[in-house]
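Per-entry structural report
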Amino acid sequence: MTTTDNPPVQEIGRDRRRKEDRRLITGRTRWTDNQAITGLLHISIVRSPFAHAEIKGIDTSAAKQVPGVVGVYTAADIGADAVQLPCAWPITKDMKSPQRPALAGSRVNFAGEGVAVVVARSAAIAKDAAELVEVDYDELEPVLDMEAALADGATLVHPELGTNENAQWVFDSGEAGSGGSAAEAIAAAEKADDQVVVRRRFRQQRLVPVFMEPRSTVVDPTGEQLTMWSATQVPHILKTMLALTLGLPEHKLRVIAPDVGGGFGGKIAVAPEEVVTLLVAQKLGKPVKWTETRSESLLTAHHGRDQIQDLAVAVTKDGQIKALDVKLLADMGAYLGLVGPGVPILGAFMFNAIYKIPAYRFDCRNVFTTKTLTDAYRGAGRPEATFGIERMMDEVAVELGMEPMELRKKNWISHEEFPFTTVSTLTYDTGNYEAATEQAMTMFDYDGLRREQQQRRQRGDVKQLGIGISTFTEMCGLAPSRVLGSLDYGAGGWETSSIRMLPTGKVECVVGTSGHGQGHETAFSQIVADKLGVGFDDVEILHGDTQSSYRGLDTYGSRSLAVGGIAIVKAAEKVVEKARPIAAHMLEASEDDLEFTAGKFSVKGTDKGVGIADVALAVFAAHDMPEGVEPDIDAHATFDPENFSYPHGTHLCAVEVDTETGFVQLYKYVCVDDVGTVINPLIVEGQVHGGLAQGIAQALFEEAAYDESGTLLSGTLVDYTLPSAADLISFDTANTTTPSTTNPLGVKGVGEAGTIASTPAVVNAVLDAVRQYGVSDIDMPTTPYRVWTAINSAKGTSGRGDEADVASPGAGLGSTASDISKGDTQGGHL
Amino acid sequence: MIPASFDYVRPTTVDEAVQALVDGGEDAKIMAGGQSFIPVLRLRMGDPSLVIDLGGIPELRGVREDGDQIVVGAMTTHHEVTRDDLLARHVALIAEATKTVADFQVRHRGTLGGALAHADPAGDLAAPTLALDAELVIVGQNGERRVPAADFFEDYFTTAIGPGEILTAIRFPKYTGWGARYEKFNRVAQAWSIVAVAATVKVDSGTITDARIGLTNMAGTPVRARAVESALVGQSMSEETVRAAAQAAAEGTSPTSDADAGSDYREHLARVLTGRAVLAAAG
Ligand SMILES: Cc1cc2nc3c(=O)[nH]c(=O)nc-3n(C[C@H](O)[C@H](O)[C@H](O)COP(=O)(O)OP(=O)(O)OC[C@H]3O[C@@H](n4cnc5c(N)ncnc54)[C@H](O)[C@@H]3O)c2cc1C
């Protein structure tokens, strides 16, 4: 019998390069759009240019004449108008929910909504023919402004609902018994001499997730099981939802998410296009593909954020917070996405953040408008809340004339107070805000930068320095099923893994999470390697195919490691337990005398042992099994966490504001994040960097803007401003480690932390630089134009309203189509 | 995105290209580097029936000296312009401006001729071309003509290139020993200019003896800041004099308003950036 002579090094904690990157970086993988099936047909979707309109008629005759066109269908032709795309999160019992068809039948409710579909032998032919479909629209009033949409007599997006309000969701700590009444505390503060009430309104602009790989779906209806490949984050949810939505037998469906190029929440969906592709494939009995263009993606894939936040904080003059009142308006867009209405509600638990707030009220109204729907986007609800509270902490500090970090220290939960149950009823298991903050302040040279700031002010430098803080926590690792149930979410939050021990000692580990760029294959292999004592390269992680991985709840909410990773640990433990009696039999020893370390069962006190691979081979042969033991050491486990995980950290940002031009340049960015046990430091750092880029981009660059007719102005990547590496700086990142006590690995999620934390740090820094000129707020993104306008306007506030409400629509057509572009003074640039 | 279908030819001489253009009529279009042209096709904002690719014509590519001029072939790529020794020595401003265009990939395909023929008001190469008093060489069936830059840019996306004509070269006078700076203002590194200022100045023992300044995106065409130029000439170099002169930068401009900038902000930027550009050019 072979035994392992060199016990493998500890994999957990090693900065392994990502094993999946070779195929991803060299382009050798097969994305959904690369699926090539004999006889594949292609579709192109005809979309409404209007935000709100009645469809009077659709003439498909010219399109049908194009050689190579197989069919042109309106919604009714394929039953797409009768479909009700699912919303899995009815946040209140009486929430108003419009029917969301796969293609619009009689009315379109946002610009970009599909109204017809062309099927052809090539994507080019489908696109050519789609241009020939004539749709007769009767334009209706668009509904664009949330406050106007809720006013009496407002035009209704969905007249049949009788209102533009989707739902109102309220949490009041006085009523819940987890704290006092915020209303009473604020009223009292208004009368008290030693307290002040600080009120602010913040806006969360609309964002587009802009995942790298556009969405794509291929449906092959020709096999016994209908197979759908899709660039999705949620193959399992998609499969079950397709069965429920379309009445298809679930066992006749197979969904495959091959390598998926990013999602950031944008691919948590049962997309209308996925359903249309399926309906067309079924109608024709042929395989069909849909792949979106980048413009289609920007226009129709769900957007994120878009809130108006009205906050009030009651605080004693020496900085003790007494109450927090939060009123939100959240734009749902035209329909409800898969989890759309629940996104702002996740924020309800996070506005109180790391602070001990004795009285808290959260009141959110979700509003329908004639815009692209909003749904999960990296952080989902938590960036909004973190922005609100961390901006507010700076505002309160300014009102009180306090150093902003001192105000935070005065109110945060100290490390001795964990576990701590918050005013919004969550129990934070562990954390150490003091430690992360101290380390961050040192790395940042906080005092030194404050001195530099002072000197620049005194000199009246053109470039002024601003310093911003964000001391954040978040809830992630979605989620305890029990909690999701109490929030009326439509599914659980468990996760599953199966481990298959192959005869040669190699391991296949099947997971129910569905990675799409995070590096799961690497991190999960490290866990399996340690738990089974096998080599890192001897582990294959299988995911994203409902045939191999039949059970799972997919990837979002920083859950894959904190929930899915624990299922892997549990499955590995079961493998070892199943192997133990067989190993004992092989060693002619008693099970009780065996210990399992580094992949080897050995008899305590002797050098006798067998490796887990030996057991796997013995089980394969099954010639000599102990009595009553089945020849199988594979195992399957499901983990349902008892609590969320609560990563936290301190982010410090310094910016230089060019006071002549309004340009904001990042100057220094330090973050110390506590994400519990780190499985792979390289991956953690990558997640933090990417998260920071996205959070900083919300602060400085990105905005999905609509014009007054409801047309998306930022419909190309020329108009939707994304930063590149050239616009960011080298981030100084570090970790403190306070292991989570709610899971055996001690891990917390890291996928969203950087995005959640960074936005307020940057905006606080920008304001810190320009408050000296009387500026008190600047809407995001804090563009040079807005910053300059704020500095120059007497009132000192800026943002919406004091600028021309036009982006640069259209495109520079040059001599190719100069007849169109001539005189178009707003030409964009190509 | 997928463009509509079109025919494609790749001539090897200018004469062949002109012939193809004339034969093709209204719906025939020239393609240089394709960096503006192909996006237009892909967004289906143009659907020519014939595309004439100038990429196969060697005589259109390269930089050479011709007496007191530097001649740049229309198909010379941005990348080549940024690396060329003759340009660095004699026409530094165009090289400086070209370095700010887009990213590496685009600079390896896009061409000087294509950028000027495209005449996007936010394009970075028209303002330096105007400031440098270049001549644009245009060839048609009736032979060659030379158009001064001041007459070349007519309107948004509109130039003096007529039907059946091709831009073949750009001829720059020599500015040997002049300082140059292209001061570009945009929101992210690889974006188009919100406003930019092209400045090249000659300084002799502390006195500005000559200056050329062009503005990007301050009107439908590039604009020459002549008031600033004349205010500078004869002045001794100092931050105050330069900034004072730069106050005239927005004279005669008519900038647009969009989400990135209102016209008042553009005018303000023109003044600030002109000051900075001249100081950097002189420094
Ligand atoms: C991502 C991206 C970013 C960019 N950023 C910038 C930027 O920051 N600054 C900037 O200035 N530009 C920018 N550009 C544009 C770039 O500089 C292009 O190269 C340029 O605008 C067009 O040059 P081209 O050679 O690609 O021409 P093409 O795209 O091939 O042609 C452009 C137009 O000119 C016509 N044309 C071309 N050559 C001739 C000729 N010889 N005679 C007659 N007509 C001709 C064509 O018919 C066409 O209408 C960017 C482009 C991209 C794709």
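Residues numbered from 1 in each chain as written. Chains lettered and ligands numbered in written order. Predicted model: local features only at pLDDT ≥ 70, side-chain atom pairs only at ≥ 80, totals over all residues. Heavy atoms only, no water.

**Let's talk about the overall build of chain B**
The secondary structure content of chain B amounts to 12 helices and 14 strands. For 283 residues, the compact-globule estimate of 2.2 N^0.38 gives 19 Å, and chain B sits close to it at 19 Å. Over its C-alpha atoms, taken along the principal directions, chain B stretches across nearly 60 × 45 × 30 Å. Each of the 283 residues in chain B was classed as buried or not, and the buried ones make up 57%. Across chain B, every contact between residues at least 6 apart in sequence was considered, and the portion connecting residues at least 24 apart equals 62%. Working note: accessible area of chain B is about 11,000 Å², and carbon and sulfur atoms make up 45% of it. (Helix = DSSP H or I, 4+ residues; strand = E, 2+ residues; numbered from the N terminus. Rg over C-alpha atoms; globule rule 2.2 N^0.38 Å. Buried < 20%, exposed > 50% of the residue type's maximum accessible area, 1.4 Å probe, protein only. Contact = heavy atoms within 4.5 Å. Areas by Shrake-Rupley, 256 points an atom, 1.4 Å probe, with all protein chains shown as cover.)

**Re the domain arrangement of chain A**
Residues and elements named next belong to chain A. According to the domain assignment, chain A consists of domain 1 (21–28 + 494–639), domain 2 (32–140 + 214–260 + 267–300) and domain 3 (304–478 + 643–821). Once you take the C-alpha centre of each, domain 2 and domain 3 turn out to be 35 Å apart. Each partner contributes to the interface: domain 2 provides 28 residues, whereas domain 3 provides 25 residues. Both faces considered, domain 2 and domain 3 share a buried interface measuring about 2,200 Å² in area, 73% of it formed by carbon and sulfur atoms. On the domain 2 side of the interface with domain 3, the three residues burying the most area are Trp89, Arg100 and Leu298, jointly 26% of the side's total. (Domains from an automatic or database assignment. Buried area = accessible area lost by both parts, 1.4 Å probe.)

**So, unusual backbone geometry**
All names here are of chain A. The linkage connecting phenylalanine 418 with the following residue, proline 419, adopts the cis geometry, with an omega of -10 degrees. Structurally, proline 419 is set in the loop between helix 13 (404–411) and strand 16 (420–421). Note that the residue after leucine 478, namely alanine 479, is joined by a cis bond; omega there is -5 degrees. Note on placement: alanine 479 falls in the loop between strand 18 (463–473) and helix 16 (481–486). Positive phi, close to 55 degrees, is recorded for aspartate 445, a residue that is not glycine. With respect to the helices and strands, aspartate 445 occurs in the loop between helix 14 (433–444) and helix 15 (446–459). For aspartate 445, a relative accessible area of 42% translates into the label partly exposed. Of note in this structure, alanine 622 is not a glycine but carries a positive phi near 60 degrees. Following the sequence through the fold, alanine 622 ends up in the loop between helix 19 (612–621) and strand 25 (635–639).

**Quick word on the sheet that holds strand 12 (residues 195–204) of chain B**
Picture the strands of a sheet paired through backbone hydrogen bonds; they go either parallel or antiparallel. All names here are of chain B. Spatially, the 4 strands line up as an open sheet ordered 11-12-13-14, and their pairing is antiparallel. Of all the strands in the sheet, just strand 11 (179–185) and strand 14 (223–224) have a single pairing partner and so form its edges. In this structure, strand 12 lies alongside strand 13 (residues 207–216), joined through 9 bridges in antiparallel fashion. Bridge pairing in strand 13 links alanine 196 to threonine 216. Across the sheet, helix 5 (residues 92–99) touches strand 11 and strand 12, and the angle it forms with strand 11 is around 25 degrees. (Pairing = 2+ DSSP bridges. Axes fitted to C-alpha atoms, helices over the stretch in contact; angles between N-to-C directions.)

**A few points about the pattern of salt bridges**
Enumeration over the complete set of coordinates arrives at 71 salt bridges over all chains. Asp128(A) is the partner of Arg44(B) in a salt bridge, and the nearest nitrogen-oxygen pair spans 2.7 Å. One end of the pair, Arg44(B), is in the loop between helix 2 (37–42) and strand 3 (50–53); the other, Asp128(A), is in helix 4 (residues 123–130), on a second chain. Taking the relative accessible area as the measure of exposure, Arg44(B) reaches 17% and is therefore buried. On the basis of relative accessibility, which here comes to 24%, the residue Asp128(A) falls in the partly exposed class. Each of Arg200(A), Arg391(A), Glu395(A), Glu399(A), Arg771(A) and Asp777(A) takes part in a single network of salt bridges with overlapping partners. (Salt bridge = Lys/Arg side-chain N within 4 Å of Asp/Glu carboxyl O.)

**Topic: helix 4 of chain A**
All names here are of chain A. Buried within helix 4 we find Ala126, Lys127, Ala129 and Ala130. Burial along helix 4 is one-sided: seen end-on, the buried residues are contained in an arc of 165 degrees. Of the surrounding elements, those touching the buried residues of helix 4 are strand 1 (41–47), helix 2 (61–65), strand 3 (69–74) and strand 5 (114–120). (Arc of directions from axis to C-beta.)

**As for the sheet that holds strand 1 (residues 7–9) of chain B**
All names here are of chain B. On the basis of which strands lie adjacent, the open sheet formed by 3 strands has the order 1-3-2 and parallel pairing. Of all the strands in the sheet, just strand 1 and strand 2 (28–31) have a single pairing partner and so form its edges. On average, each strand axis in the sheet is tilted by 25 degrees relative to the strand beside it, whichever way the strands run. Sheet topology places strand 2 next to strand 3; 4 bridges connect them, and they run parallel. Paired with lysine 29 across the bridge in strand 3 is valine 51.

**Focus on the domain arrangement of chain B**
Many authors give the size of an interface as the accessible area that is lost as the parts come together. Residue and element names in this part refer to chain B. Along its sequence, chain B is carved into domain 1 (7–52), domain 2 (62–171) and domain 3 (184–281). Listed per partner, the contact involves 21 residues of domain 2 and 21 residues of domain 3. Both faces combined, the contact of domain 2 with domain 3 buries some 1,700 Å², and carbon together with sulfur accounts for 62% of it. Our count for the contact surface shared by domain 2 and domain 3 stands at 3 salt bridges. Where aspartate 133 meets arginine 212, a salt bridge forms, and the shortest distance between an N and an O atom there is 3.5 Å. Where domain 2 packs against domain 3, one counts 6 residue pairs in polar contact (both at pLDDT 80 or more). Of all the elements in the fold, those that place two or more residues in the side of domain 2 that touches domain 3 are helix 8 (126–131) and strand 8 (153–155). Of the residues contributing to the side of domain 2 that touches domain 3, the split by class is 13 nonpolar, 2 polar and 6 charged. (Polar contact = N/O pair within 3.5 Å; in protein donor to acceptor, adjacent residues only side chain to side chain. Nonpolar A, V, L, I, M, F, W, Y, C, P; charged D, E, K, R; others polar.)

**Description of the packing of helix 20 (residues 681–700) of chain A against helix 21 (residues 753–770) of chain A**
When two helices pack together, their arrangement is given by the angle between their axes and by how far apart the axes lie. Residues and elements named next belong to chain A. As a packed pair, helix 20 and helix 21 sit with axes 7 Å apart at the nearest point and diverge in direction by 40 degrees. Judged by the inter-axis angle, helix 20 sits oblique to helix 21. The crossing of helix 20 and helix 21 is right-handed. Contacts between helix 20 and helix 21 involve Val688, Gly691, Leu692, Gln694, Gly695, Ile696, Gln698, Ala699 and Leu700 on the former and, on the latter, Gly754, Thr755, Ser758, Thr759, Val762, Val763 and Val766. The residue inventory of the contact of helix 20 with helix 21, partitioned by class, reads 8 nonpolar, 8 polar and no charged. (Parallel < 35°, antiparallel > 145°, perpendicular 65-115°, else oblique. Left-handed = near helix turned anticlockwise from the far one by under 90°.)

**Quick look at the environment of Thr677(A)**
All names here are of chain A. The topology assignment puts threonine 677 in the loop between strand 27 (664–674) and helix 20. A residue is classified by how much of its surface remains accessible, and threonine 677, at 23% relative accessible area, is partly exposed. Sequence separation between threonine 677 and valine 507 is 170 residues, and the spatial gap between their C-alpha atoms is 24 Å. With residues near it in sequence (within four places) discarded, threonine 677 still touches Thr737, Pro739, Leu745, Gly746 and Val747.

**Topic: the packing of aromatic side chains**
Under the definition given, this model contains 20 aromatic pairs over all chains. The interplanar angle of 75 degrees and the centroid separation of 5.6 Å between the aromatic rings of Phe418(A) and Tyr433(A) together place this pair among those described as edge-to-face. On the criterion of sequence distance, the pair formed by Phe418(A) in the loop between helix 13 and strand 16 and Tyr433(A) in helix 14 is long-range, its members being 15 residues apart. Taking relative accessible area as the criterion, Phe418(A) reaches 14% and is therefore assigned buried. For the ring pair Phe152(B) and Phe153(B), a centre distance of 5.0 Å and an interplane angle of 90 degrees mean the geometry is edge-to-face. For the pair formed by Phe152(B) and Phe153(B), the shared burial category is buried. A network of ring pairs unites the aromatic residues Trp169(A), Phe349(A), Phe351(A) and Phe362(A) as a single cluster. Sitting above the plane of the Phe536(A) ring, Arg16(A) keeps its charged end 3.9 Å from the centroid. Taking NZ or CZ as reference, Lys19(A) lies 4.6 Å from the ring centre of Phe536(A), over its face. (Phe/Tyr/Trp six-rings, centres within 6.5 Å; stacked < 30°, edge-to-face > 60°. Lys NZ or Arg CZ within 6 Å of the ring centre and 35° of its normal.)

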